[in-house]
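Chain by chain, the residues:
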Amino acid sequence: MQIIESSTMYDVIIVGSGAGGGMATKVLSEAGLKVAVVEAGPFFDPKDPKQQTQFKWPYESPRRGANTVRDFGEFDMALGGWNIEGEPYTQKNGSKFNWFRSRMLGGRTNHWGRISLRFSERDFKHKDVDGLGDNWPIGYEDVRPYYDKVDKLIGVFGSKEGLINEPDGFFLPAPKPRLHELYYMDGAKKSGVPVIPARMSMVTKKVNKDRGVCVYCGQCARACQYYADFSSGSCLIFPAQNNGGQIDLFVNSMVREVTTNDEGKATGVLYINKEDRKEYRLKGKVVVMAASACSSARILLNSKSEQHPAGLGNSSGLIGKYLHDSTGASRGGFIPSMMDRKMYNEDGVGGMHVYSPWWLDNKKLDFPRGYHIEVWGGMGMPNYGFGFNPNNFNEYFGEKVGGYGNSLRSDVKKYYGATLGFGGRGESIAQESNYCEIDPNTVDEFGIPVLRFNYQWTDYERNQAKHMQQTFEEIIHNMGGKVLGDTPTLEQDYGLNKPGEIIHEVGTTRMGDNPKTSVVNQYEQMHDVDNVFIVDAGPFVSQADKNPTWTILALAWRTSDYIVEQFKKQNI
Amino acid sequence: MDRRKSIKSIILGGVAGGLALNGCKPGTDSDAVVPEEAAVDEKYFGRTPEEKEQIAKLNAEQFFNEHQMETLGVLCALILPANEKYGSATDVGVPDFIEFMAKDIPAYQTELKGGLMWLDHKSNKDYSVEFKKATPEQQKVILDGIAFPDEKEPTYEQNFFSLVRNLTVTGYYTSKEGIEDLGYKGNTPNVWDGVPQDVLDKHGKSYPKEWMPKFVDQSKRNVMAEWDDDMNLIT
């Protein structure tokens, strides 16, 4: 089969359109560069009525929102999921890594939690504190100006708190806590756990003329037709197009490899058009990888040549290594004093209005890194699963569980909005022994070799999860509540999520000054190939107990500025 | 300015070589990205073509036969009967919802069919009549035997009943009438400005004084945000 070649020479080809790819698209196109964005999924715009799920009612779906097809429920705006038909991935040594992929313009930014936290100086240099993992080659002051710019461009609500490990930003004002969050604030206080307003990228106040202000429907995971939350399409790619950027979007286009010349420099990408299933070639002076930590690693590892026998830019052998995800564990509680609630609309923003940043000193604990606590609860919209076991809480009052008839109606109403829960999201230590690699025996339906995962948690993460469980139980008791379910045991990893499940996978192309121990330099430029950059979470040296997106955005902006500078200096 | 009128870039459905989909060419103004007046697809609520196809396929199949659907209708109405204000679960279409779920989640199928069969068997044995034709009193006697599951080791019949009750309650409260019955007030654009005072009072809660300046002043939500150099919001 012949490869179909485009005659256009792009300044930059960007592979992927999520947070990192979107930011690169905006900054590079606005600098006047001619940009191609290659996205494996379809076009998506939250404003498109045909694609919208915002404000849909459960009864508009025959399965009432069940997650049979979309993993986070029928109305979630992530096309793709844990498993994509025809695009498998495999496991090694009993690993159970779960990999979430969104195939659509904007990628996973269309449904994510919008928790937007800055890394602190300690997060960049944590090895100095406990001797574990590695330091980043950059520190907070290098990234701070870009965090500031991201705050102002995209908008993030929060509050100035002056906490050294939770750097403040240019915040929009925070929404008031809901009832279950006020309960949480009191319960956490009794255990000495601090609570502050959440920091999330929904626009609670006008940030620019093109985007609306939050309408408090709680449905950010469905993508916002008012563009009042951050997603890569609505906040970066569409505005860049509006500003007259020369941007060609290639959708349903699956990049197979980065092409190179005799000197080992990148010349473009080879992709498969999913519609006609033919191979195409795009030419570019620079290639920016933004396909997600694991997808970018896969493409680079599959880009083998005489000059790059182990995969593009992989002389260190470290592409795919140091893969790590946030830790996660969760727990729920039933709060009897919240029964028989008065009904009012408390949808609020999608997700939490308050949270708890890490508050303890790990020197006094049996695990080295911290976690933050996320809170959920409230009188949410019923969906599939609502009313299952409608009166199980009767057991707390010595009443019969089960039955039928009109009493079920009063049971459902009595307990509606009386449960809440917590998710702990923590930092794990990046290890060389946790990795993804190319499976030599398996290809996807496009004939592209797939990833194989090797990932094991250690006692550090298990002990951290155990601590989460103890904290959650204590706080639920403080609220006069009943903890739901039994305490997870050591055999159950104390309820620790499987790796990958928190969808914060990072580290596969890590950053460093030494080409032998890292894949990219501090500008996310490959040590071996100076015209290839990586702006997803692959370059993260460590994850921190923070969600990665705000740092992906800040670094992608910093890298894009560097690329523009290189063009100006004619270094590229 | 309308984004769609000013766009200079294009979407290429994977096709290189200057052949643009949507009938637009590179470098020309185009409003072809998203049809502004695209009809709201009421029926498919944001489905992809593949998802639509899959729903149509399930709808074309019939899992329960007529007798089973009638039995399910009687059972759902016993689980959630009509009251003075709202119809029964059967009145709001729960049996059709269960029919769909049985196809959508095949793991339910044997338990549902087998359970319905058991209801007739039990009714035939005790009252010499199929379940759906038994008197409400007889039906309730049968249900009383399976509606309160053993905590440690629930029986097969109890599991069947629990499954149907779960599907019935969830089907009812995700219906238009059920949501109204529940009193859920959301899923609509609004402005959240905190828990109502009477609710705060009832629960003995209040917003801490030192938190008040952190909260959004909803009267200024449409005023453009500006900050001083020290990260203080000044608008």
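Residues numbered from 1 in each chain as written. Chains lettered and ligands numbered in written order. Predicted model: local features only at pLDDT ≥ 70, side-chain atom pairs only at ≥ 80, totals over all residues. Heavy atoms only, no water.

Residues and elements named next belong to chain A. Taking strand neighbours across the sheet as the criterion, the six strands line up as β6-β12-β13-β14-β11-β17 in an open arrangement whose pairing is antiparallel. Only two strands of the sheet have a single neighbouring strand rather than two, namely β6 (196-197) and β17 (482-483). Note that β6 and strand β12 (residues 354-356) share two bridges and pair antiparallel. Across the sheet, Pro197 pairs through a bridge with Val354, a residue of β12. Sitting on the sheet, helix α5 (residues 179-190) is in contact with β12, β13 (371-377) and β14 (419-426), with an inclination near 140° to β13. On the sheet, helix α9 (residues 459-478) packs against β11 (327-334), β13, β14 and β17 and is oriented at approximately 20° with respect to β11. (Pairing = 2+ DSSP bridges. Helix = DSSP H or I, 4+ residues; strand = E, 2+ residues; numbered from the N terminus. Contact = heavy atoms within 4.5 Å. Axes fitted to C-alpha atoms, helices over the stretch in contact; angles between N-to-C directions.)

Here we take up the domain arrangement of chain A. All names here are of chain A. Split by domain assignment, chain A resolves into domain 1 (4-45 + 100-159 + 179-208 + 230-380 + 417-569) and domain 2 (382-416). Distance between the C-alpha centres of domain 1 and domain 2: 39 Å. For the pair domain 1 and domain 2, the two sides together bury roughly 960 Å², of which 66% comes from carbon and sulfur. Of all residues in domain 1, the largest losses of buried area upon contact with domain 2 belong to Phe334, Met339 and Gly380, amounting jointly to 37% of the total for that side. Our count for the domain 1 to domain 2 interface comes out at zero salt bridges. Residues that form the side of domain 1 that touches domain 2 fall into these classes: eight nonpolar, three polar and three charged. (Domains from an automatic or database assignment. Buried area = accessible area lost by both parts, 1.4 Å probe. Salt bridge = Lys/Arg side-chain N within 4 Å of Asp/Glu carboxyl O. Nonpolar A, V, L, I, M, F, W, Y, C, P; charged D, E, K, R; others polar.)

In this section: the nonpolar core. Membership of the largest hydrophobic core comes to 217 residues, with the highest contact counts inside it found for A:Leu28, A:Tyr184, A:Val288, A:Phe422, B:Leu75 and B:Leu119. Sort the elements by how many residues they give to this core and helix α10 (residues 549-568) of chain A lands first, with eleven residues. Beyond its immediate sequence surroundings of up to four residues, A:Tyr184 is in contact with A:Val193, A:Val195, A:Val354, A:Ser356, A:Ile373, A:Val375, A:Phe422, A:Ile475 and A:Met479. By size, the runner-up hydrophobic cluster in this structure holds five residues, among which are A:Met254, A:Ile272, A:Phe446 and A:Ile448. (Core = buried A, V, L, I, M, F, W, Y, C linked by side-chain atoms within 4.5 Å. Buried < 20%, exposed > 50% of the residue type's maximum accessible area, 1.4 Å probe, protein only.)

With that settled, consider the packing of helix α1 (residues 19-30) of chain A against helix α6 (residues 232-242) of chain A. Residue and element names in this part refer to chain A. Orientation of α1 relative to α6, taken along the N-to-C sense of each, is 20°, at an axis distance of 8 Å. Compared by their axis directions, α1 and α6 come out roughly parallel. In terms of crossing hand, the pair formed by α1 and α6 is left-handed. Touching Ala19, Gly22, Met23, Thr25, Lys26, Ser29 and Glu30 of α1 are Ser232, Cys235, Leu236, Ile237, Pro239 and Ala240, all from α6. Class assignment of the residues belonging to the contact of α1 with α6 gives a composition of seven nonpolar, four polar and two charged. (Parallel < 35°, antiparallel > 145°, perpendicular 65-115°, else oblique. Left-handed = near helix turned anticlockwise from the far one by under 90°.)

Attention now goes to the pairing of strand β9 (residues 266-273) of chain A. All names here are of chain A. A large share of β9 lies buried, amounting to seven of its eight residues. Strand direction decides the pairing type here: strand β8 (residues 253-260) and β9, joined by seven bridges, are antiparallel. Looking at β9, one finds that Glu257 is bridged to Leu270. The turn linking β8 back onto β9 is made up of five residues, and Gly264 within it adopts a positive phi angle of 85°. In this structure, β9 lies alongside strand β10 (residues 278-289), joined through six bridges in antiparallel fashion. In the sheet register, Val269 faces β10, and the bridge partner there is Leu282. Connecting the antiparallel pair β9 and β10 is a turn made up of four residues, with Arg277 showing a positive phi of about 55°.

Moving on, we come to α5(A). An α-helix turns once per 3.6 residues; consequently, residues spaced three or four apart project the same way. The terminal C-alpha atoms of α5(A) lie 17 Å apart, and with twelve residues this matches the ideal 16 Å at 1.5 Å per residue to within 8%. Counting buried positions over the twelve residues of α5(A) gives nine, a clear majority of the element. All buried positions along α5(A) are accounted for by A:Leu179, A:His180, A:Glu181, A:Leu182, A:Tyr183, A:Tyr184, A:Met185, A:Gly187 and A:Ala188. On its buried face, α5(A) sits against β12, β13, β14 and α9 of chain A together with α9 (197-203) of chain B. Directly after α5(A), the chain includes A:Gly192, whose backbone phi takes a positive value near 70°. (Expected span 1.5 Å × (residues − 1).)

Now for the pattern of salt bridges. For the structure on display, the rule yields 50 salt bridges over all chains. Of the charged contacts, one joins A:Lys160 and B:Asp230 as a salt bridge, the two residues approaching to 3.6 Å between their closest N and O atoms. You can see A:Lys160 sitting in the loop between α4 (140-154) and α5 and its partner B:Asp230 sitting in the segment after α9, one on each of two chains. Taking relative accessible area as the criterion, A:Lys160 reaches 36% and is therefore assigned partly exposed. Here A:Arg331 makes a salt bridge to A:Glu473, at a shortest N to O gap of 2.5 Å. Here A:Arg331, found in strand β11, pairs with A:Glu473, found in helix α9; they are 142 residues apart in sequence, far enough to count as distant. On the basis of relative accessible area, A:Glu473 is assigned to the buried category, the value being 17%.

Attention shifts here to the side chain of A:Ser6. For A:Ser6, the position within the fold is in strand β1 (residues 4-15). A distance of 3.1 Å separates the side chain of A:Ser6 from the backbone nitrogen of A:Thr8, its partner in a polar contact. (Polar contact = N/O pair within 3.5 Å; in protein donor to acceptor, adjacent residues only side chain to side chain.)

Residues and elements named next belong to chain A. Spatial ordering of the open sheet is given by β4-β16-β15, a layout of three strands whose pairing is mixed. Where the open sheet ends on each side, the last strands, each with one partner, are β4 (90-91) and β15 (435-443). Direction of pairing for β15 relative to strand β16 (residues 449-454): antiparallel, over a ladder of five bridges. Following the sheet pairing, Tyr435 is matched in β16 by Asn454. Strands β15 and β16 of the sheet are contacted by helix α7 (residues 293-302), whose axis makes an angle of about 60° with β15.

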